[in-house]
Every structure is written in C-alpha cells, then in structure tokens.
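# Reading the structure
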Amino acid sequence: MSNSITQPVIDPAAGPAAALPAASTARIGGDIDYERFLDCVHCGLCTAACPTYLETGDENNGPRGRIYLMRSVVDGRLDLTPKVEGHLDLCLDCRACETACPSGVQYGRLIEPFRASQRRADAALNRAKNQDWFHRTILYGIFPFAGRMRAALVPARLMQWLKIDRLLETTGMTRLLPQRLQRMQSFLPKLQPGGSRLPDFLPAIGPKRARVALFTGCVADAVFRHTHWATARVLQQNGCEVVVPRQQVCCGAIHYHSGADLPAMELAKTNAAAFDAAGVDAVIVNVAGCGSMLKDYGHIAHELEPQNAALHESLARCASKMRDVSEFLAELGLIPPRGEIKLRAVYQDACHLVHAQRIREQPRELLAAIPGLELVPMAEPEICCGAAGSYNLTEPEMSDRLAKRKLENLLATNPQAIITANVGCSMQIQSSLRRAGREIWVAHPMELLDLSYRGLKPPVPS
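Anyway, here's the lowdown on the structure attached to this text. The model shown is predicted, which means the values in this text are computed figures rather than measured ones. (Residues numbered from 1 in each chain as written. Predicted model: local features only at pLDDT ≥ 70, side-chain atom pairs only at ≥ 80, totals over all residues. Heavy atoms only, no water.)

Within the chain, the secondary structure is distributed over 24 helices and nine strands. Counting the 462 residues in the chain, one finds 56% classified as buried. When contacts within the chain are restricted to residue pairs at least 6 apart in sequence, those whose partners lie at least 24 apart make up 78%. Carbon and sulfur atoms make up 55% of the accessible area of the chain, which totals about 19,400 Å². (Helix = DSSP H or I, 4+ residues; strand = E, 2+ residues; numbered from the N terminus. Buried < 20%, exposed > 50% of the residue type's maximum accessible area, 1.4 Å probe, protein only. Contact = heavy atoms within 4.5 Å. Areas by Shrake-Rupley, 256 points an atom, 1.4 Å probe, with all protein chains shown as cover.)

Right, let's talk about the side chain of Ser 426 for a bit. Take Ser 426: it is sitting in helix α23 (residues 423–435). The class for Ser 426 is buried, based on a relative accessible area of 6%. Sequence-distant contacts of Ser 426, that is, excluding residues within four places in its chain, are made with Phe 224, Thr 420 and Val 442.

What follows concerns a nonpolar patch on the surface. Together, Leu 158, Trp 161, Leu 162 and Ile 164 give the surface a local cluster of nonpolar side chains, amounting to about 430 Å² of exposed area. Take the nonpolar patch: its biggest share by element is three residues, from helix α8 (residues 146–162). Considering the arrangement of structural elements, one finds Leu 162 in helix α8. Note on Leu 162: relative accessible area 45%, which makes it partly exposed. (Patch = residues over 30% accessible without salt bridge, like charges linked within 9 Å, V, L, I, M, F, W, Y side chains within 5 Å. Salt bridge = Lys/Arg side-chain N within 4 Å of Asp/Glu carboxyl O.)

The next thing to look at is the sheet that holds strand β1 (residues 201–202). With mixed pairing, the five strands of this open sheet are ordered in space as β1-β3-β2-β4-β5. At either margin of the open sheet sits one strand with a lone partner, and together these are β1 and β5 (322–324). In this structure, β1 lies alongside strand β3 (residues 240–243), joined through two bridges in antiparallel fashion. The residue of β3 that forms the bridge with Leu 202 is Val 242. (Pairing = 2+ DSSP bridges.)

Once that is clear, we can look at unusual backbone geometry. A positive phi angle, close to 50°, is found at Glu 380, a residue other than glycine. The residue Glu 380 is located in the loop between β7 (373–376) and α21 (391–394) in this model. Of the residues examined, Glu 380 reaches a relative accessible area of 30% and is grouped as partly exposed. With a phi close to 50°, Ala 388 is a non-glycine residue in the positive phi region. Here Ala 388 is to be found in the loop between β7 and α21.

Between helix α22 (residues 396–411) and α23, the least distance of the axes is 10 Å, while the angle of their chain directions is 80°. Classified by the interaxial angle, the pair formed by α22 and α23 is roughly perpendicular. Where α22 approaches α23, its residues Ser 399, Asp 400, Ala 403, Leu 407, Leu 410 and Leu 411 are matched on the opposing element by Gln 428, Ile 429, Ser 432, Leu 433 and Arg 435. Residues belonging to the contact of α22 with α23 are distributed by class as follows: six nonpolar, three polar and two charged. (Axes fitted to C-alpha atoms, helices over the stretch in contact; angles between N-to-C directions. Parallel < 35°, antiparallel > 145°, perpendicular 65-115°, else oblique. Nonpolar A, V, L, I, M, F, W, Y, C, P; charged D, E, K, R; others polar.)

What follows covers the packing of aromatic side chains. Applying the stated criterion across every chain, the model contains two aromatic pairs. Where Phe 215 meets Phe 275, the ring centres are 6.2 Å apart and the plane angle is 50°; that geometry is what we call tilted. Within this pair, whereas Phe 215 is found in the loop between β2 (210–214) and α11 (219–223), its partner Phe 275 is found in helix α14 (residues 261–278), the two being separated by 60 residues in sequence. Relative accessible area serves as the criterion here: at 3%, Phe 275 is assigned to the buried category. (Phe/Tyr/Trp six-rings, centres within 6.5 Å; stacked < 30°, edge-to-face > 60°.)

Let us now look at empty space enclosed by the protein. This structure, assessed with the given rule, holds five cavities of 30 Å³ or more. Volume-wise, the largest cavity comes out at about 120 Å³. Around the largest cavity, the lining comprises 17 residues; the ones closest to its centre are Cys 40, Cys 46, Ile 67, Cys 101 and Val 105. For the lining of the largest cavity, the elements supplying multiple residues, two or more each, are α3 (63–75) and α5 (96–100). (1 Å grid on protein atoms, 1.4 Å probe; cavity = no way out; pocket = protein on both sides within 12 Å on 5 of 7 lines; lining within 4 Å. Points joined across faces, edges and corners; volume = space filled by probe spheres on them.)

When charged atoms on two side chains of opposite charge get close, those side chains can pair. Within the structure shown, the criterion is met by 31 salt bridges. Note that Glu 380 is salt-bridged to Arg 405, the shortest N-O span being 2.8 Å. You can see Glu 380 sitting in the loop between β7 and α21 and its partner Arg 405 sitting in helix α22, a full 25 residues away along the chain. Across the salt bridge formed by Glu 397 and Arg 401, the nearest N and O atoms sit 3.3 Å from each other. Separated by four residues within a single helix, Glu 397 and Arg 401 lie in helix α22, roughly one turn from each other. Residue class for Arg 401 comes out partly exposed when judged on its relative accessible area of 29%. One salt-bridge network, held together by shared partners, links Arg 95, Glu 98, Arg 109, Glu 112, Asp 296 and Glu 303.

This is how it looks when you write it as structure tokens:
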C-alpha cells in the first residue's frame with residue numbers, strides 16, 4: 001500500500017448533514033446505538049477509576065458526567081459548546097471506567113464514535129480541530145508510516161550521538177520550537193539501535209507449536225524495533241514460526257482516536273487483507289494501544305459501514321486472530337527461560353492492556369518465570385500515566401499532572417527497572433524520569449524474557 005492515506009477532505013459547502021454517514025442523523029452522535037447511553041445507571045463507581053476526575057474533582061470530567069453530556073447533545077437538550085467539547089476532549093479514553101463499571105457500560109463505544117461524528121460535523125463547517133498543521137503534517141502525515149518516521153528521526157539520532165540534544169536543552173534553544181514540537185522532542189527516548197528490518201520469516205526453535213504473524217505498526221517499528229526483535233526471538237524460543245507480512249500498515253488508532261474515522265477504516269481493510277493472506281494461527285501484538293485498536297476492528301466496521309456485511313465479516317475475522325504477546329504465550333504455555341536476572345522491577349499496567357483488553361495477570365505471570373527477577377507492587381497501578389496516544393501532545397497540562405502522579409508511585413517502589421507493554425507509556429515514563437534526573441531502565445516484558453533466554457544481563461548497574 002502506498003503512503004498516501006490522508007485525512008478525507010469534506011466540502012464545507014455541502015453542509016453538516018452531508019458529512020455524516022447515510023445511516024446517521026445530522027445531529028452529532030446521532031449514529032450511536034442509543035441503548036449504550038442507557039446502560040449507564042449513574043451509580044458513580046467509575047469516578048474513583050477516572051484519572052481526570054481524580055485530578056479535578058469535576059463531575060463533567062468523569063465518565064458518567066461525560067456520558068450525560070454526550071447524551072444531552074444527542075437528545076438536543078445541550079449544544080456542543082467549546083466548554084462541553086473541553087470536558088470531552090480531556091478524556092484520555094483509557095477505559096478504566098469500563099473495568100470499574102458494574103453495569104458493563106461500553107464507554108469506548110460511546111466516546112470514540114461521538115468524537116468521530118463531532119469531527120465530521122466540524123469538517124463540514126471547515127472548523128475541524130484535526131485539520132490543523134500538526135494533525136495534517138505530523139499525526140497523519142508522518143506518525144502512521146514507519147518509513148517516514150525513521151527518516152524523520154535520522155537528525156534526532158545524530159544529535160543524540162553527538163550530544164547536541166543535551167546542549168540545545170541546556171541552553172534553552174528548544175524553546176524556539178513550536179510548543180507541540182517542543183513536547184515531541186521532550187518525549188523522544190534515547191534511540192537504541194533497532195537492528196535490521198525483520199525478515200519475512202523466522203523459523204521455530206524446537207518442535208513447532210504455532211505459526212504466527214507479528215504486527216510491527218508504525219511508531220513502534222521506527223522507535224522500538226529492538227522490542228520487535230526481542231518479541232520475535234521469544235516467540236521462536238516457544239516453538240513459533242514467525243511471519244512478518246510486508247503489506248501490513250498502521251493499526252489506525254492515531255486516526256480513529258482523533259476522529260479521522262475514514263482513513264482509519266482504510267488502514268483496517270489493508271491489515272485485514274494482509275493478515276488473512278498470511279495464513280496464521282494468531283497475529284501477535286506487543287503494543288497495548290495497537291492491540292486494543294486491532295481487536296476492535298469488527299466493532300468499528302459496524303459503526304462506520306453498518307450495511308456492509310462482507311466488511312463486517314472480514315474485519316471481525318481479522319480481529320479474532322489478534323493476541324497480545326503476553327496473552328498468547330500464557331495460552332500457549334511458556335517454555336521457562338533459564339537465564340538469571342537479579343533485578344528489582346515494577347510492572348506498570350498499560351491502560352489499553354489492562355482495561356480495554358482485560359489483560360492483567362498474564363504479563364506478571366510471564367515475568368515471574370524469569371529466575372532472580374523480583375517484581376514489586378506499586379500504588380495505583382491502573383491509573384493512566386497521561387500518555388494516551390497523542391494526548392500528551394494535545395492536552396499537555398493534564399498529561400503532565402498524571403505523569404507526575406505516576407512517577408511518584410513508580411519511584412516509591414525503589415525500582416532498578418520499570419516494565420511496561422506500551423510504547424506511549426514507555427516514552428511518557430522515560431521523559432518523566434529525565435525531567436526528574438533519574439536514570440532507570442524502562443523495558444518491555446519481552447525484552448526481559450529475551451535476555452533470560454539468551455543468558456544476557458540487563459543494561460542496569462549491578
């Protein structure tokens with residue numbers, strides 16, 4: 001597939017209704033299944049799990065408040081004013097409220113299509129927030145394409161190698177950049193050598209137990225390719241043939257979560273075709289945010305093209321094969337690694353793993369199999385770190401508050417390593433550690449398993 005996927009341009013002259021799908025009404029959110037709003041009984045148990053409510057104490061910044069706001073807009077009882085939009089935009093979409101909810105409210109199936117409907121209506125009036133230079137050029141033009149990301153990071157790698165980045169920060173010259181570019185620069189981790197591109201096929205080590213595909217994504221492949229290699233080697237050690245389809249593309253989360261649903265659907269269709277052709281038992285994902293999006297393909301197809309039964313079947317079949325790597329290895333049965341790693345580590349739950357995918361114990365069980373590794377618990381393990389995809393770029397004040405809260409809880413465990421299964425969390429935590437002047441290794445669970453299988457030591461002081 002060519003790197004030509006862009007935000008769809010809707011003719012402003014066509015009017016608001018023309019920007020909405022045929023199955024919806026012209027009212028923002030009118031295409032959402034109304035019963036999903038009624039599932040919420042306003043008990044308030046979700047508020048204690050919501051990061052933005054915990055920080056602000058404002059009912060409008062909690063899940064039941066936001067559901068009430070969205071429902072009021074759909075009912076026509078409330079205009080979508082900038083103030084209402086602000087409360088909705090402040091939502092991280094971390095889905096912690098779903099874990100806490102006793103009524104099974106599918107909050108993600110409310111906030112995400114509502115945002116998409118809102119952006120379509122905005123685009124029809126030529127005022128869409130996701131049509132600015134940052135969304136067009138950075139979020140949609142570079143981030144979803146691993147090749148473009150790698151090219152864009154060449155100067156950053158050179159500056160890190162020459163330590164020019166430290167000089168620019170020390171002298172304050174980075175403040176000359178636009179605010180969002182400043183933020184991007186501050187979140188960029190120390191770029192590790194990622195190695196060569198993964199081959200199309202990696203054989204199983206020992207008796208073959210499964211044939212799987214590895215999802216490589218976009219930002220993850222450009223910045224954390226070393227994690228992909230570690231994941232592939234761990235899968236090989238567990239008797240898996242690993243294929244890496246070249247036709248795969250970004251999962252679409254960058255677009256979908258910012259309301260650009262049409263290009264997200266095109267990416268989903270491309271991935272469905274690529275992984276269907278691979279003929280595998282499962283598609284392995286090592287990024288929590290990507291895994292959540294990929295597993296939601298079937299739901300998204302129903303939302304965006306409700307009459308297209310063939311598309312529903314194709315994307316639902318694709319989604320049914322998606323497995324987080326820790327989930328898959330726990331189901332398969334881990335071949336225990338033997339290399340000792342004497343390390344005091346804390347595991348940080350990625351929101352889209354623990355809440356959206358309900359994967360909590362599997363990563364801990366896999367890590368517990370590593371000889372010598374000590375896992376210590378932390379306070380508020382399931383409260384979002386504030387990364388939330390591009391949230392740390394679009395809502396910097398709240399993101400920083402949550403990052404500070406998370407860092408305090410992490411450091412209270414006195415860890416030698418912080419383990420997390422999402423690239424956004426890793427970048428957010430690494431940035432927070434740099435600002436605090438702390439050097440602590442941040443790694444993916446597969447990196448520790450890989451080191452143990454290979455008999456290597458982690459890059460931390462002994």
